[in-house]
Amino acid sequence: MPEKRDPIVFELFKNAIFSIADEMALTVFRTTYSGVLKDNMDYSTGFADADGKLVAQGLTLPGHLGSVPTAMQAIMRHYQDDMQPGDVFIMNDPFDGGMHLPDIFVFKPLYHEGRRLAFACTVCHHSDVGGRVAGSNASDSTEIYAEGLRIAPLKLYDRGTLNQTLMTIIEKNVRLPVQVFGDLRAQLAACHIAEKQFADLVEKYGPAQTVYYMNETIDYAERLTRAALEKLPDGEWSFEDWIDDDGIDYGKPIRLFVTLRKTGGHMLIDWTGTSPQVKGAINSTLSFTKAASYTGVRSVLPQGIPNNEGVFRAIEVICPPGTVGNGVLPAACAARGLTGFRMTDCMFGALAMMLPDKVKAAGDGGNTGISIGGYDADRKPFVYVDFTCGAWGARPWADGLDGNSHMFANMASHSIEVTEAEHPIQLLAYEFVPDKAGAGKYRGGVPFRRDYLFLEAEGVLQVRSDRRDHRPFGLYGGSPGRPSENYFNPETENRVLPGKFTMNVKRGDVLRHVLAGAGGWGDPLERDSAAVLKDVRNELLSPMKAQLDYGVVIDTARWMVDVAATEKHRVRIRAARAWRDVPKVQRHEPLPQA
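To start, this report covers the structure provided alongside it. Values in this document were obtained by computation on a predicted structure and should not be read as measured data. (Residues numbered from 1 in each chain as written. Predicted model: local features only at pLDDT ≥ 70, side-chain atom pairs only at ≥ 80, totals over all residues. Heavy atoms only, no water.)

Our next topic: the overall build of the protein chain. Looking only at helices and strands, the protein chain has 14 helices and 24 strands in total. Taking 2.2 N^0.38 as the reference for a compact globule, 594 residues should give roughly 25 Å; the C-alpha atoms of the protein chain span a radius of gyration of 25 Å, in line with that estimate. Evaluated residue by residue, the protein chain yields a buried proportion of 61% over its 594 residues. A total accessible area of about 22600 Å² is found for the protein chain, and carbon and sulfur atoms account for 51% of it. (Helix = DSSP H or I, 4+ residues; strand = E, 2+ residues; numbered from the N terminus. Rg over C-alpha atoms; globule rule 2.2 N^0.38 Å. Buried < 20%, exposed > 50% of the residue type's maximum accessible area, 1.4 Å probe, protein only. Areas by Shrake-Rupley, 256 points an atom, 1.4 Å probe, with all protein chains shown as cover.)

This part is about the nonpolar core. By size, the foremost hydrophobic cluster in this structure holds 131 residues, and its most contacted members are Ile17, Phe47, Phe107, Phe198 and Ile269. With 16 residues, the next largest nonpolar core counts Ile370, Ile372, Phe382 and Tyr384 among its residues. (Core = buried A, V, L, I, M, F, W, Y, C linked by side-chain atoms within 4.5 Å.)

In this structure, Ala421 sits in helix α11 (residues 416-422). Note on Ala421: relative accessible area 67%, which makes it exposed. Counting along the chain gives 230 residues from Ala421 to Cys191, while the straight-line C-alpha distance between them is 30 Å.

Looking now at the packing of aromatic side chains. Evaluation of the coordinates by the stated rule reveals 16 aromatic pairs. Where Phe47 meets Phe198, the ring centres are 5.2 Å apart and the plane angle is 50°; that geometry is what we call tilted. With Phe47 in strand β1 (residues 43-49) and Phe198 in helix α6 (residues 177-205), this residue pair connects regions lying 151 residues apart in the sequence. Like Phe198, Phe47 is buried. Considering the side-chain rings of Phe382 and Phe454, the 6.1 Å spacing of their centres and the 40° angle between planes classify their relative orientation as tilted. Taken together, the positions of Phe382 in strand β13 (residues 381-388) and Phe454 in strand β15 (residues 448-454) put the pair 72 residues apart, joining distant regions of the chain. No difference in accessibility class separates Phe382 from Phe454, as the two residues are buried. (Phe/Tyr/Trp six-rings, centres within 6.5 Å; stacked < 30°, edge-to-face > 60°.)

For helix α7 (residues 207-230), built from 24 residues, the straight-helix expectation of 34 Å at 1.5 Å per residue is met to within 8% by its first-to-last C-alpha distance of 35 Å. Among the residues of α7, those classed as buried are Thr210, Val211, Tyr213, Met214, Glu216, Thr217, Ile218, Ala221, Glu222, Thr225, Ala228 and Leu229. (Expected span 1.5 Å × (residues − 1).)

A word on unusual backbone geometry. Note: most peptide bonds trans; most residues except glycine with negative phi. The step from Leu329 to Pro330 runs through a cis peptide bond, and the omega angle for that step is 5°. Inspection of the secondary structure puts Pro330 in the loop between β11 (315-318) and α10 (336-354). The residue Arg379 is not glycine, and still its phi comes out positive at about 65°. Its identity is not glycine, yet Asp435 carries a phi of approximately 65°, on the positive side. Here Asp435 is to be found in the loop between β14 (425-432) and β15.

Read across the sheet, four strands follow the order β13-β12-β16-β20 without closing on themselves; strand pairing throughout is antiparallel. Strand pairing shows two members of the sheet lacking a second neighbour, β13 and β20 (500-506), which therefore form its edges. Each adjacent strand pair in this sheet contributes to an overall mean axis angle of 15°, direction not counted. (Pairing = 2+ DSSP bridges. Axes fitted to C-alpha atoms, helices over the stretch in contact; angles between N-to-C directions.)

Mapped onto the fold, Lys290 is located in helix α8 (residues 286-298). Buried Lys290, no salt bridge; nearest opposite-charge side chain is Glu309, N-O distance 8.4 Å. (Lys, Arg positive; Asp, Glu negative; His and termini not counted. Salt bridge = Lys/Arg side-chain N within 4 Å of Asp/Glu carboxyl O.)

Now for the side chain of Lys262. Its place among the elements puts Lys262 in strand β9 (residues 254-263). Within the local environment of Lys262, its side chain forms a polar contact with the side chain of Asp234, the two groups lying 2.7 Å apart. Non-local contacts of Lys262, meaning those with residues more than four positions away in its chain, are made with Leu229, Glu230, Leu232, Pro233, Asp234, Gly235, Trp237, Met267 and Met354. (Polar contact = N/O pair within 3.5 Å; in protein donor to acceptor, adjacent residues only side chain to side chain. Contact = heavy atoms within 4.5 Å.)

This paragraph deals with the sheet that holds strand β4 (residues 103-112). Strand order across the open sheet formed by seven strands is β2-β1-β5-β4-β3-β6-β7, with antiparallel pairing between neighbours. The sheet terminates laterally at β2 (54-57) and β7 (161-162), the two strands that pair on one side only.

Right, let's get into the pattern of salt bridges. By the definition in use, this model includes 46 salt bridges. Taking the shortest distance from any N to any O, the salt bridge between Arg255 and Glu240 comes out at 2.7 Å. With Arg255 in strand β9 and Glu240 in strand β8 (residues 235-243), this residue pair connects regions lying 15 residues apart in the sequence. As a salt-bridge pair, Arg467 and Asp241 come within 2.8 Å of each other at their nearest N and O atoms. Here Asp241 lies in strand β8 and Arg467 lies in the loop between β16 (458-464) and β17 (474-475), a separation of 226 residues in the sequence. With a relative accessible area of 0%, Arg467 lands in the buried category.

Put simply, α6 and α7 touch, their axes get as near as 7 Å, and they point 110° apart. Judged by the angle between their axes, α6 and α7 are roughly perpendicular. The two elements α6 and α7 meet at a crossing, and its hand is right-handed. Between α6 and α7, the residues in contact are Phe198, Leu201, Val202 and Tyr205 and Pro207, Gln209, Thr210 and Met214, respectively. Residue composition of the contact of α6 with α7, grouped by class: six nonpolar, two polar and no charged. (Parallel < 35°, antiparallel > 145°, perpendicular 65-115°, else oblique. Left-handed = near helix turned anticlockwise from the far one by under 90°. Nonpolar A, V, L, I, M, F, W, Y, C, P; charged D, E, K, R; others polar.)

Before going further, it helps to examine the pairing of β13. Burial analysis of β13 places seven of its eight residues in the buried class, which makes it a mostly covered element. Sheet topology places strand β12 (residues 368-375) next to β13; eight bridges connect them, and they run antiparallel. Across the sheet, Tyr375 pairs through a bridge with Pro381, a residue of β13. Here β12 hands over to β13 after five residues, with Arg379 in that stretch at a positive phi of 65°.

What follows is about the pairing of β1. Of all the seven residues making up β1, seven are buried; the element is thus mostly covered by neighbouring parts of the structure. Alternating positions in β1 separate into two faces, Tyr43, Thr45, Phe47 and Asp49 on one and Ser44, Gly46 and Ala48 on the other, with burial throughout. Alignment of β1 against β2, held across three bridges, turns out to be antiparallel. Note that in β2 the partner of Gly46 across the bridge is Gln57. What sits between the antiparallel neighbours β1 and β2 is a turn of four residues, in which Gly52 has the positive phi angle 85°.

Written out as C-alpha cells, the structure is:
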C-alpha cells in the first residue's frame, strides 16, 4: 500500500475507473437489440470492488444505479464463498435484491492471479420477460406471479460454462427470446470490456495499489458528501404527495410521505407514513426507494462528487416493509417506476423547504409507460415498450425544461422513424401542448402529446400514467401543472381513458396520451411580461391564459404587451386573491378566474 496518497495518481486512477463504467454503457448502447435499450437507453452500468461496494457509475440512470448496491448485496449473500474466475451472475427477483422483473442484473467478478478484485455490473430493462401482458410491466397485475419470469440470484456462467438449463427456461418463457438473448449478450459484452480494461489498469498500478485506490475513491466520495451535508441547515422537514390510484382501486389515492432529518454530515430519509402496499403493480422495492432518495439528495449537493457507495454511507433510508415503497410478497411491482419517480418529486417537496433557492417544483409525474404487444398474421410476436416523460418543474432561477426526461430517468426519446420501421405503429402526433405548464415567476416545463395509431389486426395496449387527480405541485406561489390525459380514438369517439389500464386494440385504433404539465415556481404576477409574450408567440401559452394566469394582456393585432392594461389587471388580481403569505407548496390554482 502507498504510505501517502499521491493526489495526481489518485485523480488519474479515479477518472480511469469511471471511464471503464462509461465505456460499458457505450458498449450496451452499440450492441443491444431492443428499442427500450438502444432508443430509450433504459439501462445502467457500474463497477464494484471485491466486496460488492459500488466504486463507479456509468453515464446512465440514477434509478438503476442507486439500486446496484442492494443487488450486489444479494449476490454476496448467496455466493460470497462460491465464486471462481469465469463466473457470471444473473438476477431480477424484486424480493432478493432486484427492482422489477424486466430489470435483469448481470454481474461478473474480475480476477487477477486467482484473487477477486472487482465486479463489472450491468442492469438492463428487457422488453419482455413473460407474464400476462406483453412488455411485462402492466400496472393492473395484482401479484408478482403474473408479471413474468422471476430469476433468483443464479450463475449464468459457472467457471466459463454457460448454464444452458437457465437459458432454456428463459427462452421458453419470454415472447422475444432472440431480442432478450441479444440484450443479455450486450450486457455480457459490457462486462467483457470492463474485464479487459480493468486488467490493463491492474497491470499499470499493480493489484495492491488498485485495491487501495478503489477504496480511496469510495472514501473520497464519502468525505465530500459529508462535508457538503455539513454546509446544509440542520433540522427536520416533511412532505406529503399522492398517487392517484393503483389501477385496481380507481379513485383511491395512495399517500407518499417523507421526513428528512439532517444532522451534521448525515441525513436520514424516513418514508414512515407512506401508504401500505397496494393491489396494483406500482409497489416499489426498497432498493428503488433508496435510489429515489439518493437522487433527491444528490441533486442539491455540489457537482464533482463521485456517485458511489461513499455517497450512500452518508444518507440513511428507512421505509417500513409492507408499504408501497417497500413491498413484500406477493406484491406486484412491474409498474413500480411510477412510484419511484413520484418519490423523487416528493423528496424535492421536502428539500424545497430546506433549500428554497435550490429545488425545483414537481415535474410531469415521472415517465408514462406505454406497451403494445401482439402477433402478426404469421403469429410472430411483437412488443413495443416506450417510456415517455418531458417536463421539469420550474426552478427558483429559471423556467422548467421542456421535452426533457425526468432527472430520475435520464432516458432518451424513441426515434419516430425507428419505431414505425420496427413495429406496427404509426405516430400521428408528437408535439408540445399549450396551456398545460404551471404558471409562476418561472413557469413549469411544457408537456407534449403523442398519438399512436395501431396498424396490426389486434393487440393489447397497456398504459401506466398518473397526475390526473393530484397534479404536479408548484412552489412558493407557483401554480400546479395541468393534469395528464388519455383518449381513445380522439377524432371519432374521443373516449376518455383512465390513467392506468390494459385493453384490447385493433387496426385503426388511436391512443392519445398527453403528459401532465410541470409545476411553476414563484408568484406568476412577477413573471417578466416579455417572457409571457414569448411563450404566446411560440404557441406554448394562449393569450387568454396569459391574461388569466399572469395578468398579462396581449395585443394580438400587433403581438405586443399592452403595458397599461397589464398593470391594471395585475393590481385587480392581487386584490382579489388576498394572499397574506406566499404558500410554500401550491396544489391548486393560485389565480382566480378572470
